[in-house]
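# Per-entry structural report
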Amino acid sequence: MSTYFQPPKYPATDFTSMTTGDEPLPVVVVGAGPVGMGVALGLAQRGIAVTVLESADQVSFGSRAICISRHSLEVAARLGVGPELEKIVLPWVGGRSYYRDQEVLHFQMPHSEHDVRGPMVNVSQSEIEQIMTEALLAHPLITLHWSARVVGVARTGREVTLDIDTAFGARTLRACWVVAADGGRSRMRELAGLRLQGNSYEGSYVIADIHWESKLPAERMVWFDPPSNPGSTIIMHQQPRDIWRIDYQLDASDDAELETQEQRIRDRITRHLEWLESDVPWTLEWHGFYRAHALALESFTHDRILFAGDAAHLVPIFGVRGLNSGMEDAETLAWQLAAVVHGTADEVLLQAYSTERRGAWQQNIDNAGKSTLIMSPGSHGYRTTRDAVLALATTRPEFAHLINPRQSSATHAHLSPLTWPVAQGTTGVLPGDPMEDRRVRVVTTSGTVESSLNEVRGTGFAVLGFGLDAAAADVIAAHAAALAMALSPESVRAIVVPPAGVEVDPVTDLTVLDDGDGVLSRALGASEGELFVIRPDGLVLCRFRDVSLLGQIHGHLRSATAPTSGVVPAHTEAGATPEELVRENVWMGLSEALDQADETDREGFLIRLAMLLGSQSARREFEEALAAASAVSSKVRHSASKHSVVDA
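Residues numbered from 1 in each chain as written. Predicted model: local features only at pLDDT ≥ 70, side-chain atom pairs only at ≥ 80, totals over all residues. Heavy atoms only, no water.

### Let's talk about helix α15 (residues 578-596)
- Between its first and last C-alpha, α15 extends 27 Å over 19 residues, near the 27 Å set by a 1.5 Å rise per residue.
- Elements that come into contact with the buried residues of α15 comprise α9 (349-375), α10 (380-393) and α16 (602-615). (Helix = DSSP H or I, 4+ residues; strand = E, 2+ residues; numbered from the N terminus. Expected span 1.5 Å × (residues − 1). Contact = heavy atoms within 4.5 Å.)

Spelled out as structure tokens, the structure:
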């Protein structure tokens, strides 16, 4: 019996049209996907009434996005839906890639004993949306209208008027602010006369969910040019309750309309599962079709209409950044829009939202773009080098890192107008960096208890100080209380880590952490006397030693500025060695050069390049390189002959 999630349907909602005499609604969110509902939950958490419009009569059907990052789970926890979500997810930590029938990569995502959650979990987007829907329906400040489609938008002064098509006829709503979170085919974007800019990649993929009681491990598995479907790329992921996602690439010569027919999909999947020597029965539950895009609006803020998620930007699916980046959008927009609505910040703060999240989109496509060039190369140069990398990786494992999917991780905001500069030479977690959740020990009157940084800092701002005695801790608590009054209803928590051997009594407005082993301070690169101010969305706002600077934070947040003294935090490529960066530059540079070479002179170009590089190498190095390339060539020919037998 299938365990595939079937979302319930909801009756169409009727509501009264608003007139010019009515007080406009504080915020209307268009689109009840994860991003729109995340914004609604974040605003309601801060005391703001929200109306959500959804054109459908249920949450989305089909798994769609399935890979949820550690950071997105942290966001879900802060939005209040984390516990329910984490009950149903399937954790995983790595994956394997194969070239034909040989493994060429086995990767593990970063994870340490101090992390509260694993690096990634799988669960269908449909089920995430259902959990969030139930949270919305239960919240007294949120009104959710089903089967309500926006068909017209008018912007007048300090409000937006929405014309809405419902099952009960035309309706009108007026709002001070509108959040457009209605997906990649955003009607709001169209009505506002806006277009996404950027690139679309060649290559089409069919996606399918099957119910299959397989014993294969819960890891990301990819086959390039598998014997089951020569020339294609196949991706497999397990979801909860024996549901499996299978993605496979169509050839450029394939008829997409024909290949997306159900029987053709069944045939392709059958061939692959039989090649895996599986005789376990399976059922096709859902299927779809996609292409990779790297597109975004120039600005996510347009007067009183704010765009988020796929309505604002599209990223290639490789590395699972779509939903995960959308959850970051939701949390950042929620606290910044709430500050504007409550009057604790000027409207210019929303320009910071646009700057930050468009910058995050650029970070995502920089990484996802590299993954896409491996998974779905769109030119002769990148196809040629991709195949060469795969072949080399069968005997030279140092090339395997180029195949790594570069899984989604939290983005930074180093270039945000909100991010404070730091002193030259500062290392560790910098302003603009995400402050990841970690296990911590909290000092109580009855001893220490295990907790997490995310839990102790709450859903608002936090001031985290290191090496502070009781007197300094009292000063920090007083500043945090003053900041909380200025930012109300946003919370501000004071957290201190005393020096080794110094006792600080925990009180109502002060959390004390026991870091006697120095694990937390070393992880953050903190020294005695340093303060970290953490934003509601988990990013570090500033880091300094001068306690009096805490009094300047509200003024800078109000005007969406930061001090000018110091240096802008610099982002470095995490985990990449100098040797890996060299190979990456060679791969991308050679790909571009091949694409620029005359079609009739590609072999000549490669020979000239080899002779130039060979003449710069020692004789022994050159002979070793020739031997290695020759060995790979022989192996590829042997593998190709095996394929021809299978195909026959």
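Resuming the write-up.
### Description of the nonpolar core
- Formed by 108 residues in total, the largest nonpolar core has its most connected members in Leu162 and Phe307.
- The leading source of residues in this core is helix α8 (residues 322-342), at 9 residues.
- If we skip the residues at most four places from it in the chain, Phe307 touches Ala180, Ser186, Met188, Arg189, Ala192, Leu194, Leu297, Phe300, His302, Ala312 and Tyr353.
- In this structure, Phe107, Met109, Ile207 and Trp587 belong to the second largest nonpolar core, which totals 34 residues. (Core = buried A, V, L, I, M, F, W, Y, C linked by side-chain atoms within 4.5 Å. Buried < 20%, exposed > 50% of the residue type's maximum accessible area, 1.4 Å probe, protein only.)

### Some details on the pairing of strand β5 (residues 94-99)
- Most of β5 sits out of view: 5 of its 6 residues are buried.
- The sheet contact formed by β5 and strand β6 (residues 102-108) spans 6 bridges and is antiparallel. Bridging across to β6, Arg96 finds its partner in His106.
- Between β5 and the antiparallel strand that follows it, β6, lie 2 residues; Arg100 among them carries a positive phi value of about 60°. (Pairing = 2+ DSSP bridges.)

### Structural notes on the confidence of the model for the protein
- Residues with a pLDDT of 70 or more make up 96% of the protein, whose mean pLDDT is 92.
- This model gives residues 643-648 a pLDDT under 50, and the stretch forms 7 contacts once residues within four places in sequence are excluded. (pLDDT = per-residue confidence, 0-100.)

### Things to note about the sheet that holds strand β15 (residues 243-250)
- One open sheet accounts for 8 strands, arranged β6-β5-β13-β14-β15-β12-β16-β19; its pairing is mixed. Edge positions in the sheet fall to β6 and β19 (313-314), since each of these pairs with one other strand and no more.
- Pairing analysis gives 8 bridges linking strand β12 (residues 197-212) to β15, with the strands arranged antiparallel. Bridge pairing in β15 places Ala208 opposite Ile246.
- Contacts between α9 and the sheet are confined to β12, β13 (220-224), β14 (233-239), β15, β16 (282-296) and β19, with β16 contributing the most and set at about 120° to the helix. (Axes fitted to C-alpha atoms, helices over the stretch in contact; angles between N-to-C directions.)

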